[in-house]
Amino acid sequence: MRFIFHYPEISGSDGDVLDPGPLRDVAVAAERAGFDALSFSEHPAPGAKWLDRGGHQTLDSFVALGYVAAATERLRLLTYLAVVPYRNPFLLAKAAATLDKLSGGRFTLGIGTGYQKREFHALGVDFDERNALFDEALDVLPLHWSGETFSYQGRHFSAQDIIARPRPVQDPIPIWIGGNSKLTRRRVAQRAQGWMPMSGGATLSTTARTAALGPVERLGGDIAELRAQAVTVGRTDHIDVVYSYSQEIMLSSVETDRHRDVLDQLEKAGVDWVLVSCPIDGLSATTDFLESFGATYIGSR
């Protein structure tokens with residue numbers, strides 16, 4: 001099992017997005033503590049009401065990960081997640097290929113269809129087209145990354161005899177898809193390298209317009225079913241599964257055994273990666289969490 005540190009995000013409209021600590025310092029501390037990846041989500045135009053009800057501000061995930069790439073040597077770089085319909089798929093493919101090239105092949109493209117109607121409206125994207133736009137991007141991404149000439153007729157664009165360089169270092173850049181629906185799992189089984197189920201409970205699932213995930217036992221069944229579907233379409237590669245451990249990790253000796261037990265259950269269920277974050281209380285608190293988590297949970301596995 002490997003671990004992802006999700007850079008903590010400011011809820012509401014107050015505070016500075018760098019309050020968890022300067023990004024370079026946090027990234028270096030995460031790598032030193034043994035984390036395998038660093039991630040960012042994105043909300044380019046969050047609504048004020050959503051922020052007031054607990055929504056969060058974000059950095060631009062691609063710019064931030066590019067900065068992290070220059071500051072680190074080993075950390076993988078994850079968008080958790082990039083909302084595909086917000087971008088023309090050629091711009092998404094170019095950003096991903098550039099980040100993979102500059103980082104020496106350390107990028108993972110985590111993507112989803114999105115759920116914030118107000119944000120779709122602000123960006124001029126039809127919310128009802130989000131699934132069609134998502135599937136178009138799944139077509140275009142590998143064509144773009146191939147470095148070979150291709151054409152593609154989209155809903156809102158016509159690409160003729162396109163050839164895009166640089167090719168990414170990885171072939172392919174891993175695509176991890178977020179969401180809990182059967183449609184998401186079918187897309188993963190057929191066309192992606194990883195699944196990022198949403199584990200935040202029923203309220204978050206309702207907000208994000210996806211099915212609730214359910215207990216770990218059910219998750220194990222869903223993972224087994226997904227991987228079996230991949231086999232039926234002729235795939236032999238491993239599909240990664242990411243689990244966001246949303247409970248606050250307490251580093252007291254009493255809580256440690258309980259968290260280790262949960263992590264063991266997740267690993268037995270088929271989870272490959274666990275994503276964690278921490279409260280926002282300045283750089284010192286963030287680095288203390290990273291060091292303690294690494295010593296308690298990563299170094300002991």
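See above for the structure.
Quick summary incoming for the structure in this document. The written sequence of each chain sets the order in which its residues are numbered from 1. Owing to the predicted nature of the model, reporting of local features is limited to residues with pLDDT of at least 70; listing and counting of side-chain atom pairs is limited to 80 or more, with chain, interface and lining totals taken over all residues. For the side-chain quantities, the full set of heavy atoms in the structure was used; hydrogens and water were omitted.

Side note on the overall build of the chain
Definition in use: We count a stretch as a helix when DSSP gives it H or I for four or more residues in a row; a strand needs E for two or more, and each element gets its number in order from the N terminus. For every residue, the accessible area obtained with a 1.4 Å probe (protein chains only) is divided by the maximum for its type, and the residue is called buried under 20%, exposed over 50%, and partly exposed between those limits. Note on definitions: a residue-residue contact is assigned when non-hydrogen atoms from the two residues lie within 4.5 Å. Here the Shrake-Rupley method, with its probe set to 1.4 Å, supplies the accessible areas, and only the displayed protein chains count as covering residues. In this tally Asp and Glu are treated as negative and Lys and Arg as positive; neither His nor the chain ends contributes. One atom stands in for each charge, and that atom is NZ of Lys, CZ of Arg, CG of Asp or CD of Glu.
If you tally the helices and strands in the chain, you get 11 helices and 11 strands. Its C-alpha atoms give the chain principal-axis dimensions of about 60 × 45 × 40 Å. For the chain, buried positions account for 53% of its 301 residues. A separation threshold of at least 6 residues defines the contact pool for the chain, and within that pool the share at least 24 residues apart is 72%. In the form shown here, the chain has an accessible surface area of approximately 13,600 Å², with 50% of it arising from carbon and sulfur atoms. Between the centroid of the 30 positive side chains of the chain and the centroid of its 37 negative side chains there is a distance of 5 Å.

Focus on the pairing of strand β11 (residues 273-276)
Put simply, the test is: Two strands are counted as paired when DSSP detects at least two bridges linking them.
Side chains Trp273 and Leu275 project from β11 onto one buried face, and the interleaved Val274 and Val276 project onto a second face that is buried too. With four bridges connecting them, strand β1 (residues 2-6) and β11 associate as parallel partners. The residue bridging Arg2 from the neighbouring strand is Trp273, located in β11. Pairing of strand β10 (residues 240-244) with β11 involves three bridges; the strand directions are parallel. For Val242, the partnering residue across the bridge sits in β11 and is Trp273.

Regarding the nonpolar core
One broad trend across soluble globular proteins is that nonpolar side chains are buried collectively. Applied cut-off: Side-chain atoms within 4.5 Å are what join buried Ala, Val, Leu, Ile, Met, Phe, Trp, Tyr and Cys residues into a set we call a nonpolar core.
With 63 residues, the main nonpolar core has Phe35, Phe107, Leu109, Ile111, Trp145, Leu266 and Leu290 as its most contacted residues. In this view, Leu109 contacts Phe62, Thr79, Ala82, Leu92, Ala96, Leu141, Trp145, Ile173, Pro174, Ile175 and Trp176; residues no more than four positions away in its chain are not counted. Ala37, Leu78, Trp273 and Leu275 belong to the second-largest nonpolar core, a separate cluster that totals nine residues.

Describing the packing of aromatic side chains
As a reminder of what qualifies: For Phe, Tyr and Trp, rings pair up if their centres lie within 6.5 Å, where Trp contributes its six-membered ring, and each pair is then called stacked (planes under 30 degrees apart), edge-to-face (over 60) or tilted (otherwise). Remark: a charge is flagged as sitting over a ring if the NZ atom of Lys or the CZ atom of Arg is within 6 Å of the ring centre and within 35 degrees of the ring normal.
Under the criterion given, the structure shown has 14 aromatic pairs. Here the aromatic rings of Phe35 and Phe293 are separated by 5.3 Å at their centres, their planes lie at 25 degrees, and the arrangement is stacked. Here the residue Phe35 occupies a position in the loop between α1 (23-32) and β2 (37-40), and Phe293 occupies one in helix α11 (residues 283-298), the gap between them amounting to 258 residues. Classification of Phe293 as buried rests on a relative accessible area of 1%. Ring geometry for Phe120 versus Phe127: centroids 5.1 Å apart, planes at 85 degrees, classification edge-to-face. On the accessibility criterion, Phe127 (7% relative accessible area) is buried. Among the aromatic residues, ring-to-ring pairing joins Phe3, Phe5, Phe35, Phe289, Phe293 and Tyr297 into one connected group. Over the aromatic face of Phe127 sits the side chain of Arg130, whose NZ or CZ is 3.9 Å from the ring centroid.

Observations concerning the pattern of salt bridges
Where charged atoms from two side chains of opposite charge approach closely, those side chains can pair. Where we set the bar: Whenever a carboxyl oxygen of Asp or Glu lies within 4 Å of a side-chain nitrogen of Lys or Arg, that contact is scored as a salt bridge.
Counted under the stated rule, the structure contains nine salt bridges. The partner of Arg187 in a salt bridge is Asp135, with the nearest N and O atoms 3.0 Å apart. You can see Arg187 sitting in helix α7 (residues 182-191) and its partner Asp135 sitting in helix α6 (residues 130-145), a full 52 residues away along the chain. With relative accessibility at 5%, the residue Arg187 sits in the buried group. With a relative accessible area of 28%, Asp135 lands in the partly exposed category.

Remarks on unusual backbone geometry
The step from Tyr80 to Leu81 runs through a cis peptide bond, and the omega angle for that step is 0 degrees. One can find Leu81 in the loop between β3 (76-79) and β4 (82-83). Of note in the backbone geometry, Asp161 takes a positive phi value of approximately 50 degrees without being a glycine. In this fold, Asp161 is placed in strand β7 (residues 158-162). The exposure class of Asp161 is exposed, given its relative accessible area of 60%.

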